Amino acid sequence: LVALKGKIAKLAKEKSAQKADLLKNNADVVIGEVSVEQCINGGRSVKMMVTETSDLDANTGISYRGKSLYECNKELPKAPGGEVALPEAAFWLLLTGEVPTDAECRAFTEELHRRSAVPQSVFATLATLPKDTHPMTQLSVAMLAMQPDSKFAHKYDQGMKKGEYWEVALEDALDLVAKMPVVAAQIYRSTFKDGKLPAYNAKLDWAANYAQMLGVNSDEKFKEVTRLYLMLHADHEGGNVSAHTAHLVGSALSDPYYAWAAGLCGLAGPLHGLANQECISWLLEAQKDLGGQKPTKELLTAYAEKMLASGKVIPGFGHAVLRNTDPRYMLEREFALKNCPDDPLFQLVDACYQAIPAVLEKGGKVKNPFPNVDAHSGQLMHFYNLKEQNYYTVVFAVSRAMGVMAQYVWARAVGLPIERPKSVPLDVLAKLANKK
Ligand code: FAM
């Protein structure tokens, strides 16, 4: 922890100086304009916030501190015998800007294990909810139930100085990320199984322990695919719904638990994190409609054309920012080609990959006809026996907690202020538009 704090402190000093310099020497430089369309349509592409941890490129996808996901997967430490990067190594990278050594990563895993105990009151709160409460609702409630333990909130009440914010935020961030797998696994066990949580195993890495607590598969490859999934989904810059929500809430100095509870409510939306749930439903439906026929490019082309003609959206394809195949999709595809090429659902995913981009392209209006990560993730979970679709977004949330928490720490480390863009009524927008 001392090493981690030291690294963040050093980088924070450099970044704070950079921020001060920008404000001193370049404050008036205009870096973009906002069109009427952007104002109405969700501020798409308007550069109006700072996020240090990651950056999304339309063609190459997300990079964590300048490293592409391929580089991350290659360079970050692995579990013994594992081939994919450990997600907690990605968390370290997001926090510090550096690839951890194996020893640093091991110590970091242990640090997370030490912080993993979840207060009984949190489980008691969850137990009061109706059993059919959506797992994402349960997860957000659990974050709020943990909020009374926020070190940030306590210290703030005691009059903490601004310069101390990030260090105390880091304490909460590590606690929250450490507890996420336990809470998430308990939600799974209570909602879909007998409610009993397999024993916590601190000998395993963070993701492998989560995988074993889910209790759906003891195959080592399930642990490996969980590591891969959690590494790939850790962060996606600051403008997406869940990260932006958490950032906005955090900018009011609401503590990390409040911020992530709010972010999770955004992640639960069907156009955002819930998309993976919709994708797997769509794939299973398509499998049924094909009625046992082997999925081929030709069959899927005809199937997708019919769907588009009936005005339906094809889940898992397209993206608000990406204009190429999502690298997260490609890394999951590589894993599937190696580990489950004969899975009938993978063969369907593969046929979609061959067929659908051309169909969407022909339709002419989709800006990105290529698959995003959600078109693949569900198949991998399903293959390893995690079949309850409305749990899928929770797995996403376990991963994304790392990026959002790293963003929270960094927002405090460089002293970003409360966020408050200007809104205008349509009448005012019309007046502004007519003046030009
Ligand atoms: N199938 C059919 N039509 C599509 C489409 C798809 N997969 N993707 C986009 N379009 C349509 C879109 O509805 C819009 O039509 P209208 O002009 O009639 O409204 C048109 O193509 C232009 O849209 P766009 O500019 O290319 O996309 P947007 O930036 O508006 O939306 C998405 C981006 C992701 C919401 C959209 O592509 C979509 O609905 N995809 C399917 C759902 C999905 O996969 N979501 C996952 C997102 C994700 F990566 C995540 O956050 N987890």
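Definitions and cut-offs
Residues numbered from 1 in each chain as written. Predicted model: local features only at pLDDT ≥ 70, side-chain atom pairs only at ≥ 80, totals over all residues. UniProt positions renumbered as here; feature names shortened; annotations may be inferred. Helix = DSSP H or I, 4+ residues; strand = E, 2+ residues; numbered from the N terminus. Rg over C-alpha atoms; globule rule 2.2 N^0.38 Å. Contact = placed C-beta atoms within 7 Å. Buried ≥ 20, exposed ≤ 12 C-beta atoms within 10 Å, placed from the backbone. Core = buried A, V, L, I, M, F, W, Y, C linked by C-beta atoms within 7 Å. Near = placed C-beta within 6 Å. Nonpolar A, V, L, I, M, F, W, Y, C, P; charged D, E, K, R; others polar. Axes fitted to C-alpha atoms, helices over the stretch in contact; angles between N-to-C directions. Parallel < 35°, antiparallel > 145°, perpendicular 65-115°, else oblique. Expected span 1.5 Å × (residues − 1). Pairing = 2+ DSSP bridges. Left-handed = near helix turned anticlockwise from the far one by under 90°.

- The name given to the protein in an unreviewed UniProt entry is Citrate synthase, with the source organism recorded as Polarella glacialis.
- On record in UniProt, under Sequence similarities (unreviewed entry), the comment for the protein is "Belongs to the citrate synthase family."

**Focus: the overall build of the protein**
Inference 1: When helices and strands are tallied, the protein shows 20 helices and three strands.
Inference 2: Relative to the globule expectation of 22 Å for 436 residues, the C-alpha radius of gyration of the protein, 22 Å, shows essentially globular dimensions.
Inference 3: Considering only C-alpha atoms, the protein reaches an extent of 65 × 65 × 45 Å along its principal axes.
Inference 4: Counted over contacts in the protein with a minimum sequence separation of 6, partners at least 24 positions apart contribute 75%.

**Here we look at helix H12 (residues 241-251)**
Inference 1: H12 sits mainly inside the fold: eight of its eleven residues count as buried.
Inference 2: Burial in H12 covers these residues: Ser-242, Ala-243, His-244, Thr-245, Ala-246, His-247, Val-249 and Gly-250.
Inference 3: Buried residues belonging to H12 abut helix H13 (256-267) and helix H19 (392-413).
Inference 4: Phi turns positive one or two residues past the end of H12, at Leu-253, with a value near 65°.

**So, the nonpolar core**
Inference 1: Residues Ala-90, Val-177 and Val-409 are the most contacted members of the largest nonpolar core, which totals 129 residues.
Inference 2: Per element, the largest residue contribution to this core is 17 residues, and it comes from helix H9 (residues 165-192).
Inference 3: If sequence neighbours within four positions are ignored, Val-177 has contacts with Phe-91, Leu-112, Ala-401, Met-402 and Met-405.

**Examining the site of the ligand**
Inference 1: Ala-275, Phe-317, Gly-318, Lys-367 and Asn-372 are the nearest of the 18 residues found near the ligand.
Inference 2: Residues of the shell around the ligand, tallied by class, amount to eight nonpolar, seven polar and three charged.

**Here we look at the packing of helix H14 (residues 275-290) against helix H18 (residues 374-383)**
The geometry of a pair of packed helices is captured by two quantities: the angle between their axes and the separation between those axes.
Inference 1: Two numbers describe how H14 lies on H18: the axes approach to 8 Å, and their chain directions differ by 70°. Classified by the angle their axes make, H14 and H18 are roughly perpendicular. Side by side, H14 and H18 meet where Ala-275, Asn-276, Cys-279, Ile-280 and Leu-283 of the first sit next to Asp-374, Ala-375, Ser-377, Gly-378, Gln-379 and His-382 of the second.
Inference 2: Residue composition of the contact of H14 with H18, by class: five nonpolar, five polar and one charged.

**Concerning H14**
Inference 1: Taking 1.5 Å as the rise per residue, H14 with 16 residues should run 22 Å; its terminal C-alpha atoms sit 22 Å apart, in good agreement.
Inference 2: What H14 keeps buried is the set Ala-275, Asn-276, Gln-277, Cys-279, Ile-280, Trp-282, Leu-283 and Ala-286.
Inference 3: Taken from the residues just after H14, Gly-291 is the one with a positive phi, measuring 50°.

**Considerations on the sheet that holds strand E1 (residues 54-57)**
Inference 1: Taken together, the three strands give an open sheet; going across it, the order is E1-E2-E3, and neighbouring strands pair in antiparallel fashion. A single partner strand is all that each edge strand has here, and the edge strands are E1 and strand E3 (67-68).
Inference 2: With four bridges connecting them, E1 and strand E2 (residues 61-64) associate as antiparallel partners. When the sheet's bridge partners are listed, Ser-54 is paired in E2 with Tyr-64.

**What to know about the environment of Pro-148**
Inference 1: With respect to the element layout, Pro-148 can be found in the loop between helix H7 (135-146) and helix H8 (151-157).
Inference 2: With 131 residues separating them in the primary sequence, Pro-148 and Cys-279 have C-alpha atoms 36 Å apart.

**A look at the packing of helix H6 (residues 120-127) against H7**
Inference 1: For the pair H6 and H7, interaxial distance at closest approach is 9 Å and the crossing angle is 140°. As the angle between them shows, H6 and H7 are arranged oblique. Our pair here, H6 against H7, has a crossing hand that is right-handed. Side by side, H6 and H7 meet where Ser-121, Val-122, Thr-125 and Leu-126 of the first sit next to Gln-138, Val-141, Ala-142, Ala-145 and Met-146 of the second.
Inference 2: Considered class by class, the residues forming the contact of H6 with H7 number six nonpolar, three polar and no charged.

**Focus on the environment of Asn-385**
Inference 1: Tracing the backbone shows Asn-385 in the loop between H18 and H19.
Inference 2: Separated by 169 residues in the primary sequence, Asn-385 and Val-216 have C-alpha atoms spaced 5.9 Å apart.
Inference 3: Residues within four places of Asn-385 in sequence aside, it is in contact with Val-216 and Asn-217.

**Here's the deal with unusual backbone geometry**
The phi angle of most residues is negative, glycine excepted, and most peptide bonds adopt the trans form.
Inference 1: Phi at Arg-65 is positive, roughly 50°, even though this residue is not glycine.
Inference 2: On the secondary structure map, Arg-65 appears in the loop between E2 and E3.
Inference 3: The class of Arg-65 is buried, set by 20 C-beta atoms lying within 10 Å.
Inference 4: If you check the backbone angles, Leu-253 has positive phi at about 65° while not being a glycine.

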